[in-house]
Amino acid sequence: MGQQAEHVIIGVDPHKLSATIEVADQHEKLLGSGRFTTDQAGYTAMRAYAKSWPDRIWAVEGANGVGRPLAQRLLEAGEQVVDVPAKLAARVRLFDTGHNRKTDARDAHSIAIVAVRTKTLRALHVDGELEALRMLTDRREALTRRRVQTVDRLQALLAELLPGQAKRDVTTGQAKAMLASVRPRDIAGKTRRRIAADELAELIAVEAKIKKATAELKTIVLARESRLMDIHGVGPVVAARVLADVGDVTRFADRNRFASWTGTAPLDASSGEQNRHRLSRAGNRRMNHMIHIAAVTQPRLDTGGRTYYRRKRAEGKKPLEALRCLKRRISDAIYRQLLADADLAAVTETGTGPGGHCGATQESSAVDLPPHIDTSDQPLPGPAKPTLQPTPTARKTPQRRTPQTTG
């Protein structure tokens, strides 16, 4: 009966075909463990085993990666789930064993210990709209890659059919005109033209799907009442990727942490009396690419971003250095806009957020990416602001200024 009432943490080391769990109490005492398959029978057996501890929290490593399907199933079943970053689990494993050798059982143990010791892990919740946004964004990116491959194949065929007339990035209209102008008589030429016609038909179909996916993304972004597209260079695709990957923006303590996560904050590379910084290769590279798209767009338009870029160039910075400065500026603008959107959503739904601050919440979506920020990734200048410790039910967020978009 005593075991039934105690609060436990179930650490989960997820894989595609199996999941290893360890049950620990608040004193890090091992209460149970097991290995289950991820099919329906194994999932049902795992849930049945966990019912021995009614007051339980599931701690899943990488709830946005390989652990996302299991985390989603648990959330849909009404379970409490928190996300454990892999870096934290690796540190516990190293400190507890003196080495970093991995086994599934040892991983599950370190995940459970992290959840027992860390009170600021992100609680997850189901957001079907955000999950749909993530899937559509991934789908459009896959279609874009497919289009590039199709264009490459079509260009190669056209270069053989019409030597010296091939274009670098052929459009469907140009390809149609080029194919209509050639009528080969030999079997190799006829086969080459037929394959080129098939590739052209595939290109037309792929572009139609890309256009449809873009329209769907824009509809969902607008339905979430996001104003990210007010920022110059941020269109439906960039806005959708930002929303899908960021999820709950309040998990970032400030704009510096957000910039570190997006890879737009410089890293300290000072040595002795030499004070310098270097480009960060860390962070979410997809988000960094989205910010890069906005950054290369702004200098082409009559925007504040162009003025800022030109000012940095006038200060003696090279083009890439000025572009990196602009990327950081855009990252800050995106962060401010996300906070404003979260505040507006909180006011619309509940009137105010916990503690009197709009948008403050302890929960975040299961599709959120964990902000892996190492100590060497702290943005400069100045130390990062201290993170507020949340209470078991809510956390307060620092006062925010009204967001201003770049440009």
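In case you missed it, the structure is sitting above this.
Attention here is on the structure that accompanies the text. What you are looking at is a predicted structure, and each value in this text was computed from that prediction instead of being measured. In this numbering scheme, every chain counts its residues from 1 along its sequence in written order. Predicted model: local features are reported for residues with pLDDT of at least 70 only, side-chain atom pairs are reported and counted for 80 or more only, and whole-chain, interface and lining totals are derived from all residues. Working from all heavy atoms in the structure, the side-chain values ignore hydrogens and water.

1. Quick look at the packing of helix H9 (residues 236–246) against helix H11 (residues 285–297)
Here's step 1: Here H9 crosses H11 at 150 degrees, and the two axes come no closer than 10 Å. As judged from the angle between their axes, H9 and H11 are roughly antiparallel. The crossing of H9 and H11 is left-handed. Between H9, through Val237, Val238, Arg241, Val242, Asp245 and Val246, and H11, the contact on the second element is made entirely by Arg286, Met287, Met290 and Ile293.
Here's step 2: Tallied by class, residues from the contact of H9 with H11 come to 7 nonpolar, no polar and 3 charged. Orientation is described by axes fitted as lines to C-alpha atoms, over the contacting stretch for helices, and by angles from 0 to 180 degrees between their N-to-C directions. Numbering goes from the N terminus for both helices and strands, where a helix is a DSSP run of H or I of at least four residues and a strand is a run of E of at least two. Between 65 and 115 degrees an angle is taken as roughly perpendicular, under 35 as roughly parallel, over 145 as roughly antiparallel, and anywhere else as oblique. Crossings are classed by handedness, with left-handed meaning an anticlockwise turn of the near helix from the far one by less than a right angle and right-handed meaning a clockwise turn. Residue contacts are counted whenever heavy atoms from the two residues lie within 4.5 Å of one another. Note on residue categories: nonpolar means Ala, Val, Leu, Ile, Met, Phe, Trp, Tyr, Cys or Pro, charged means Asp, Glu, Lys or Arg, and polar means any other residue, Gly included.

2. Concerning the pattern of salt bridges
Here's step 1: One speaks of a salt bridge when a side-chain nitrogen belonging to Lys or Arg is within 4 Å of a carboxyl oxygen belonging to Asp or Glu. The full count for this structure, using the stated rule, is 25 salt bridges.
Here's step 2: For Arg93, the salt bridge identified is with Asp107, shortest N-O distance 2.9 Å. Of the two residues, Arg93 is situated in helix H4 (residues 86–97) and Asp107 in helix H5 (residues 104–117); the sequence distance between them amounts to 14 residues. Here Arg93 matches Asp107 in class, with each residue buried.
Here's step 3: The partner of Lys102 in a salt bridge is Asp107, with the nearest N and O atoms 2.8 Å apart.
Here's step 4: Owing to a relative accessible area of 52%, Lys102 belongs among the exposed residues under this scheme.
Here's step 5: Its relative accessible area of 3% is what places Asp107 among the buried residues. Note on exposure labels: buried denotes an accessible area under 20% of the residue type's maximum, exposed denotes more than 50%, and partly exposed covers the range between, all computed with a 1.4 Å probe on protein chains only.

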